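Notes for the structure review
One letter stands for each residue in the lines below.
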Amino acid sequence: MNRDEIIRLIDTSDFHPTIYLESDIDSTNSYAKRLLRNGLTSEAIIIAERQNQGKGRANRIWYSPLGGLYMTLVLRRECQPHRCSLFSFVLALSISQVLEKQASLQIDLKWPNDILVSGKKIGGILSELEVNESEAPVILLGVGINLNVKVSDFPSELFKSATSVLSETGNSIHIESVIAQIVNSMDSYLIQDPTLSSIVPQYRPRCITIGKHVSVQSISESFVGQAMDITIDGSLLVRHESGMEKVISAGEVIHLEGG
Ligand code: BTN
């Protein structure tokens, strides 16, 4: 990958991150945290050609061979803690736009942050909040997208649930321009809607979780119900089998069959 090419293709008005490109690191999210601990004061993007300890949500491993896109955006933006997840929706919408345009794929989103093609996962976002007493919280958005990797080369347990741009289209895609266009698209969303008030209305039609019969694992409970809607601050509204409606602000959902 070529850092100068990424910088050349980035065309933003408001978002001017420092770009770090590494060939092989543990995890771009972990690297971002180390940069913050060592005094990073700007916004930044950390990109890796591969990761040897890629992290998924819920302590899962993120398989990260050469050919995929692995990056972490370090954002310093005003945000009430309960609305920070809207930034990961902005990123998911940007990724959807870019993959649809560049690879002619139809992208669906699964709450909160799975990026799907034909029901299979092509990418995901791991968002973390770095809180330090002396400054405003920093938002870390780690994104992994299976681009120029064949699903047949993935660990066998992922064969059924994962896909990639190469496996879907038969073609490789230019990683530098995918990265730059995602950054450019994020910039446009953030300029057009600094308060993020229009993000959920744009996320909702792409979110295939709504209407599904789901199994929910939140921090405090596990239950089965029907996903009804996404609230204006990005939580999932689920009707429990007892009829009670619950607002899930963080957690994992499984789409159950027949739902
Ligand atoms: C998920 O479980 O769906 C989230 C996957 C996030 C993976 C990305 S790859 C770049 C960044 N660094 C990591 O270690 N994880 C995220």
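Structure report, in brief. (Residues numbered from 1 in each chain as written. Predicted model: local features only at pLDDT ≥ 70, side-chain atom pairs only at ≥ 80, totals over all residues. Heavy atoms only, no water.)

**Let's talk about the overall build of the protein chain**
The following threshold applies: Comment: elements are numbered from the N terminus, with helices defined as DSSP H or I runs of at least four residues and strands as E runs of at least two. Here the globule rule reads 2.2 Å times residues to the power 0.38, and the radius of gyration is calculated from C-alpha atoms. The classification of residues rests on relative accessible area computed with a 1.4 Å probe and restricted to protein chains. Under 20% of the type maximum is buried, over 50% is exposed, and intermediate values are partly exposed. Contacts were defined at the residue level, with two residues in contact if any of their heavy atoms lie within 4.5 Å. For the area figures, the Shrake-Rupley method with a 1.4 Å probe applies, and any residue is considered shielded solely by the protein chains shown.
The helix and strand tally for the protein chain stands at six helices and twelve strands. In terms of C-alpha radius of gyration, the protein chain reaches 18 Å, essentially the compact-globule figure of 18 Å for 259 residues. Along the first, second and third principal axes, the C-alpha atoms of the protein chain reach 55 × 45 × 30 Å. Expressed as a percentage of the 259 residues in the protein chain, the buried residues total 51%. Intrachain contacts of the protein chain at a sequence separation of at least 6 include 63% that bridge at least 24 residues. On the protein chain, roughly 12100 Å² of surface is accessible, and the fraction owed to carbon and sulfur atoms is 48%.

**A word on the layout of surface pockets**
How we decide: Think of a 1 Å grid over just the protein atoms. A cavity is a set of points where a 1.4 Å probe fits yet cannot get out, a pocket is an open set with protein on both sides within 12 Å along at least five of seven lines, and lining residues have an atom within 4 Å of a point. Grid points are joined across faces, edges and corners, and a volume is the space filled by probe spheres set on the points. Under the convention adopted here, Pro, Cys and the residues Ala, Val, Leu, Ile, Met, Phe, Trp and Tyr are nonpolar, Asp, Glu, Lys and Arg are charged, and Gly plus all remaining residues are polar.
Volume-wise, the largest pocket comes out at about 930 Å³. What lines the largest pocket is a set of 39 residues, among which R60, W62, D114, K121 and L158 lie closest to the centre. Here the residues of the lining of the largest pocket sort into 15 nonpolar, 14 polar and ten charged. Lining the second largest pocket are 24 residues; nearest its centre among them are S85, S127, S249, A250 and G251. Elements with a contribution of two residues or more to the lining of the second largest pocket: α3 (85-103), β6 (120-132), β7 (135-145) and β12 (251-255). Counting residues per element, the lining of the second largest pocket draws most heavily on β6, which supplies four residues. A class-by-class count of the residues in the lining of the second largest pocket yields eleven nonpolar, nine polar and four charged.

**As for the pattern of salt bridges**
Two side chains carrying opposite charge are able to pair once their charged atoms lie near each other. Heads up, the condition is: Salt bridges are identified by distance alone: a Lys or Arg side-chain nitrogen within 4 Å of an Asp or Glu carboxyl oxygen.
One pass over the full model with this rule turns up 15 salt bridges. In this structure, R57 engages E252 in a salt bridge whose closest nitrogen and oxygen atoms are separated by 3.0 Å. Here the residue R57 occupies a position in the loop between β2 (44-51) and β3 (69-75), and E252 occupies one in strand β12, the gap between them amounting to 195 residues. Taking relative accessible area as the criterion, R57 reaches 13% and is therefore assigned buried. A residue is classified by how much of its surface remains accessible, and E252, at 17% relative accessible area, is buried. Note that D114 is salt-bridged to K110, the shortest N-O span being 3.5 Å. For D114, a relative accessible area of 7% translates into the label buried.

**Observations regarding the site of the ligand**
As a reminder of what qualifies: Nearness of a residue to a molecule or strand requires only that one of the residue's heavy atoms be within 4 Å of it. N or O atoms within 3.5 Å of each other form a polar contact, as long as, within protein, one can give a hydrogen and the other can take it, and as long as residues adjacent in sequence are counted only when both atoms are side-chain atoms. For a molecule to be placed in a cavity or pocket, more than half of its atoms must lie within 2 Å of the grid points of that cavity or pocket.
The local shell around the ligand holds 20 residues, among which S27, Q51, K55, R57 and K121 are the closest. S27 is positioned such that a nitrogen or oxygen atom in its side chain is 2.8 Å from an oxygen atom of the ligand. Between the ligand and T28, the relevant distance is 3.0 Å, taken from a nitrogen atom to a side-chain nitrogen or oxygen of the residue. Coverage of the ligand by the protein amounts to 99% of the 420 Å² it exposes when considered alone. Taken atom by atom, the bulk of the ligand overlaps the largest pocket. Counting residues per element, the shell around the ligand draws most heavily on β6, at four residues. Tallied by class, residues from the shell around the ligand come to six nonpolar, ten polar and four charged.

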